Amino acid sequence: MPTAQSRRTPTDNQLRNLFAKYPLVSNQAWASEWGVSKEWVRRLRKRLGFAPSSQIAAQVRADRRARKEADKIVAASRLSGLVCPVDGALVPASRQVTCSSKCAETYRATFTYRTNR
Ligand SMILES: [Zn+2]
(Lines give C-alpha, C1' and ligand atoms only; values in the text may rest on other atoms or scores of the structure.)
Protein backbone atom coordinates (compact mmCIF):
# COMPACT_ATOMS: atom_id res chain seq x y z
CA MET A 1 0.00 0.00 0.00
CA PRO A 2 1.65 3.27 -1.09
CA THR A 3 2.04 6.02 1.49
CA ALA A 4 0.59 9.50 0.94
CA GLN A 5 4.03 10.79 0.03
CA SER A 6 4.95 8.10 -2.48
CA ARG A 7 1.61 8.58 -4.21
CA ARG A 8 2.25 12.33 -4.64
CA THR A 9 5.97 12.10 -5.43
CA PRO A 10 6.74 11.17 -9.05
CA THR A 11 9.20 8.43 -10.03
CA ASP A 12 12.86 9.27 -10.82
CA ASN A 13 12.13 9.26 -14.54
CA GLN A 14 9.11 11.52 -14.15
CA LEU A 15 11.21 13.77 -11.93
CA ARG A 16 13.96 14.02 -14.56
CA ASN A 17 11.36 14.96 -17.17
CA LEU A 18 9.73 17.52 -14.88
CA PHE A 19 13.02 19.18 -13.90
CA ALA A 20 14.11 19.27 -17.55
CA LYS A 21 10.73 20.55 -18.81
CA TYR A 22 10.28 23.25 -16.13
CA PRO A 23 13.82 24.50 -15.40
CA LEU A 24 12.58 27.72 -13.76
CA VAL A 25 10.22 26.17 -11.21
CA SER A 26 11.82 26.69 -7.79
CA ASN A 27 12.62 23.96 -5.29
CA GLN A 28 10.10 25.61 -2.98
CA ALA A 29 7.35 25.30 -5.60
CA TRP A 30 8.08 21.59 -6.13
CA ALA A 31 8.27 21.11 -2.36
CA SER A 32 4.78 22.60 -1.91
CA GLU A 33 3.44 20.56 -4.84
CA TRP A 34 4.72 17.26 -3.40
CA GLY A 35 4.31 18.05 0.28
CA VAL A 36 8.02 17.67 1.03
CA SER A 37 10.73 20.06 2.26
CA LYS A 38 12.69 22.40 0.01
CA GLU A 39 15.88 20.73 1.21
CA TRP A 40 14.51 17.34 0.15
CA VAL A 41 13.94 18.70 -3.39
CA ARG A 42 17.43 20.21 -3.43
CA ARG A 43 19.01 16.86 -2.54
CA LEU A 44 16.76 15.08 -5.04
CA ARG A 45 17.91 17.37 -7.87
CA LYS A 46 21.50 16.74 -6.90
CA ARG A 47 20.96 12.96 -6.80
CA LEU A 48 19.39 13.05 -10.29
CA GLY A 49 22.37 15.00 -11.64
CA PHE A 50 20.69 18.40 -12.04
CA ALA A 51 22.56 21.64 -11.40
CA PRO A 52 21.28 23.83 -8.52
CA SER A 53 18.05 25.61 -9.54
CA SER A 54 19.66 29.04 -9.07
CA GLN A 55 22.42 28.09 -11.51
CA ILE A 56 19.90 26.84 -14.07
CA ALA A 57 17.80 30.01 -13.70
CA ALA A 58 20.92 32.14 -14.28
CA GLN A 59 21.78 30.06 -17.35
CA VAL A 60 18.26 30.41 -18.77
CA ARG A 61 18.38 34.19 -18.24
CA ALA A 62 21.82 34.37 -19.90
CA ASP A 63 20.53 32.33 -22.86
CA ARG A 64 17.54 34.67 -23.26
CA ARG A 65 19.80 37.74 -23.15
CA ALA A 66 22.14 36.20 -25.73
CA ARG A 67 19.21 35.37 -28.04
CA LYS A 68 17.86 38.93 -27.71
CA GLU A 69 21.31 40.36 -28.54
CA ALA A 70 21.62 38.05 -31.55
CA ASP A 71 18.14 39.11 -32.77
CA LYS A 72 19.16 42.76 -32.43
CA ILE A 73 22.33 42.19 -34.45
CA VAL A 74 20.39 40.37 -37.18
CA ALA A 75 17.77 43.17 -37.27
CA ALA A 76 20.49 45.85 -37.44
CA SER A 77 22.27 44.10 -40.31
CA ARG A 78 19.11 43.84 -42.43
CA LEU A 79 19.30 46.22 -45.39
CA SER A 80 16.43 48.35 -46.63
CA GLY A 81 17.47 48.37 -50.30
CA LEU A 82 17.98 52.16 -50.15
CA VAL A 83 21.30 53.73 -51.07
CA CYS A 84 22.82 56.33 -48.74
CA PRO A 85 22.76 59.75 -50.47
CA VAL A 86 26.03 60.72 -48.76
CA ASP A 87 28.42 57.86 -49.52
CA GLY A 88 26.38 55.45 -51.66
CA ALA A 89 26.46 52.63 -49.10
CA LEU A 90 23.41 50.40 -48.56
CA VAL A 91 21.08 51.70 -45.83
CA PRO A 92 20.20 49.31 -42.95
CA ALA A 93 16.45 48.62 -42.56
CA SER A 94 16.62 50.18 -39.08
CA ARG A 95 17.56 53.58 -40.58
CA GLN A 96 15.47 55.98 -42.67
CA VAL A 97 17.68 57.76 -45.21
CA THR A 98 21.40 57.44 -44.56
CA CYS A 99 23.58 54.43 -43.73
CA SER A 100 24.96 55.78 -40.43
CA SER A 101 24.53 58.59 -37.92
CA LYS A 102 27.72 60.14 -39.29
CA CYS A 103 26.23 60.27 -42.79
CA ALA A 104 22.98 61.58 -41.30
CA GLU A 105 24.92 64.52 -39.83
CA THR A 106 26.54 65.25 -43.17
CA TYR A 107 23.19 64.89 -44.91
CA ARG A 108 21.44 67.26 -42.46
CA ALA A 109 24.29 69.79 -42.70
CA THR A 110 24.14 69.69 -46.51
CA PHE A 111 20.36 69.89 -46.54
CA THR A 112 20.33 72.85 -44.12
CA TYR A 113 23.02 74.62 -46.16
CA ARG A 114 21.04 74.22 -49.37
CA THR A 115 17.71 75.40 -47.94
CA ASN A 116 19.30 78.40 -46.25
CA ARG A 117 20.65 79.78 -49.50
ZN1 LIG B 1 26.36 56.73 -45.73
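Reading the values: rules and limits
Residues numbered from 1 in each chain as written. Predicted model: local features only at pLDDT ≥ 70, side-chain atom pairs only at ≥ 80, totals over all residues. Helix = DSSP H or I, 4+ residues; strand = E, 2+ residues; numbered from the N terminus. Axes fitted to C-alpha atoms, helices over the stretch in contact; angles between N-to-C directions. Parallel < 35°, antiparallel > 145°, perpendicular 65-115°, else oblique. Left-handed = near helix turned anticlockwise from the far one by under 90°. Contact = placed C-beta atoms within 7 Å. Nonpolar A, V, L, I, M, F, W, Y, C, P; charged D, E, K, R; others polar. Pairing = 2+ DSSP bridges. pLDDT = per-residue confidence, 0-100. Buried ≥ 20, exposed ≤ 12 C-beta atoms within 10 Å, placed from the backbone.

### A closer look at the overall build of the chain
Here's step 1: Within the chain, the regular secondary structure consists of six helices and two strands.
Here's step 2: Tracing the chain from N to C terminus, the helices and strands come up as α-α-α-α-α-β-β-α.

### Let's talk about the packing of helix H3 (residues 27–34) against helix H4 (residues 38–47)
Here's step 1: In contact at an axis separation of 8 Å, H3 and H4 are set at 110° when each is read in the N-to-C sense. Regarding the angle of H3 to H4, the classification is roughly perpendicular. In this structure, H3 meets H4 at a crossing whose hand is right-handed. Contacts between H3 and H4 involve Asn27, Gln28, Trp30 and Ala31 from the former and Lys38, Trp40, Val41 and Arg42 from the latter.
Here's step 2: For the contact of H3 with H4, the per-class residue count stands at four nonpolar, two polar and two charged.

### Thoughts on the pairing of strand E1 (residues 79–83)
Here's step 1: The sheet contact formed by E1 and strand E2 (residues 90–92) spans two bridges and is antiparallel. Across the sheet, leucine 79 pairs through a bridge with proline 92, a residue of E2.
Here's step 2: In this structure, the hairpin formed by E1 and E2 is closed by a connection of six residues, where glycine 88 is found at a positive phi of approximately 80°.

### Quick word on the confidence of the model for the chain
Here's step 1: Here the chain averages 86 in pLDDT, while 87% of its residues score no lower than 70.
Here's step 2: Looking at the elements of the chain, mean pLDDT is at its lowest for helix H1 (residues 4–8), recorded as 55, and at its highest for H4, recorded as 94.

### Comments concerning the environment of arginine 16
Here's step 1: On the secondary structure map, arginine 16 appears in helix H2 (residues 12–21).
Here's step 2: By the C-beta count within 10 Å, which is 15 here, arginine 16 ends up partly exposed.
Here's step 3: Considering only alpha carbons, one finds arginine 16 and leucine 48, 32 residues apart in sequence, at a separation of 7.0 Å.

### Points about the environment of glutamine 59
Here's step 1: Looking at the secondary structure, you find glutamine 59 in helix H5 (residues 53–77).
Here's step 2: On a C-alpha basis, the gap between glutamine 59 and proline 23 in space is 9.9 Å, while along the polypeptide they are 36 residues apart.

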